[in-house]
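Working through the structure, step by step
Here is what each chain is made of, one letter per residue.
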Amino acid sequence: MDELIRPRLQAHGGDLSIISFEEGILRIKLHGACSGCPSAQLTLEETVKAALDGLVKDVFVVTTIDDDLLRYAKTILNTHKP
């Protein structure tokens, strides 16, 4: 990952962290510019599977919402009820 995948992401202003790797299923979180990229899942799946040659069955990009942003959204929705 550090030699093949991370440099590609960093070249585009992004990065990744590995959340888990169990039974061939890799779960990662994207950071920076890559976190909002709509093609990130497909690109990573293809690149990781090719780089790790059969060790990875599937790749999932884990998306999370910042807790402060979630609280703010709930506040807005609760104050603007019809």
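These numbers come from a predicted model, not from an experiment. Sequence order sets the numbering: in each chain, residues are counted from 1 along the sequence as written. Note on the predicted model: pLDDT of at least 70 is required for a residue's local features to be given, and 80 or more for side-chain atom pairs to be given and counted; whole-chain, interface and lining totals, by contrast, use all residues. As a convention, hydrogens and water are excluded, and side-chain values are obtained from all of the structure's heavy atoms.

Here we look at the overall build of the protein chain
This is how the line gets drawn: Secondary structure is summarised from DSSP: a helix means a run of H or I of at least four residues, a strand means a run of E of at least two, and numbering begins at the N terminus for each. Radius of gyration here uses only the C-alpha atoms, and the compact-globule reference equals 2.2 Å multiplied by the residue count raised to the power 0.38. Each residue's exposure class comes from its accessible area (1.4 Å probe, protein chains only) as a fraction of the maximum for that residue type: buried when under 20%, exposed when over 50%, partly exposed otherwise. Throughout, a residue-residue contact means that at least one pair of heavy atoms, one from each residue, lies within 4.5 Å. Method for areas: the Shrake-Rupley scheme with a 1.4 Å probe, in which residue coverage is limited to the protein chains shown. Positive residues here are Lys and Arg, negative ones are Asp and Glu, while His and the chain termini are left out of the count. To locate a charge, take NZ of a lysine, CZ of an arginine, CG of an aspartate or CD of a glutamate.
Within the protein chain, the regular secondary structure consists of three helices and three strands. Along its sequence from the N terminus, the protein chain presents helices and strands in the succession α-β-β-α-β-α. Radius of gyration (C-alpha) of the protein chain: 16 Å, far over the 12 Å computed for a compact globule of 82 residues. Considered along the principal axes of its C-alpha atoms, the protein chain spans approximately 55 × 30 × 15 Å. Every one of the 82 residues in the protein chain was classed for burial, and the buried ones make up 20%. Taking all contacts inside the protein chain whose residues are at least 6 apart in sequence as the whole, residues at least 24 apart take part in 39%. Roughly 6100 Å² of accessible area belongs to the protein chain as shown, and the carbon and sulfur atoms make up 57% of that amount. Of the charged side chains in the protein chain, 9 are positive and 12 negative, and the gap between their average positions amounts to 8 Å.

What to know about the pattern of salt bridges
Using the following cut-off: Salt bridge, as used here: a side-chain nitrogen of Lys or Arg that lies within 4 Å of a carboxyl oxygen of Asp or Glu.
Scanning the model with the defined rule gives two salt bridges in all. Asp 2 is the partner of Arg 6 in a salt bridge, and the nearest nitrogen-oxygen pair spans 2.3 Å. Of the charged contacts, one joins Asp 15 and Arg 6 as a salt bridge, the two residues approaching to 2.6 Å between their closest N and O atoms. Connected through shared salt-bridge partners, Asp 2, Arg 6 and Asp 15 make up one network.

Structural notes on the nonpolar core
Filter applied, for reference: Buried Ala, Val, Leu, Ile, Met, Phe, Trp, Tyr and Cys residues form a nonpolar core when they are joined through side-chain atoms within 4.5 Å.
With twelve residues, the main nonpolar core is built from Ile 5, Leu 9, Leu 16, Leu 26, Ile 28, Leu 30, Cys 34, Ala 40, Leu 44, Val 48, Val 56 and Val 59. Looking at this core, the elements with two or more residues in it are strand E2 (25-32) and helix H2 (40-51). Apart from the residues lying within four places of it in its own chain, the contact partners of Leu 9 are Gly 14, Asp 15, Leu 16, Leu 30, Cys 34 and Leu 44.

Section: a nonpolar patch on the surface
Applicable threshold: The residues that make up patches have over 30% relative accessible area and no salt bridge, and they are joined within 9 Å when like-charged or within 5 Å when they are Val, Leu, Ile, Met, Phe, Trp or Tyr.
There is a patch of nonpolar side chains on the surface, built from Ile 18, Phe 21 and Leu 55 and spanning about 320 Å² of accessible area. Turning to its location among the elements, Phe 21 is positioned in strand E1 (residues 14-22). Looking at Phe 21, the relative accessible area reads 46%, which means it is partly exposed.

Distances and angles like these do not, on their own, reveal function.
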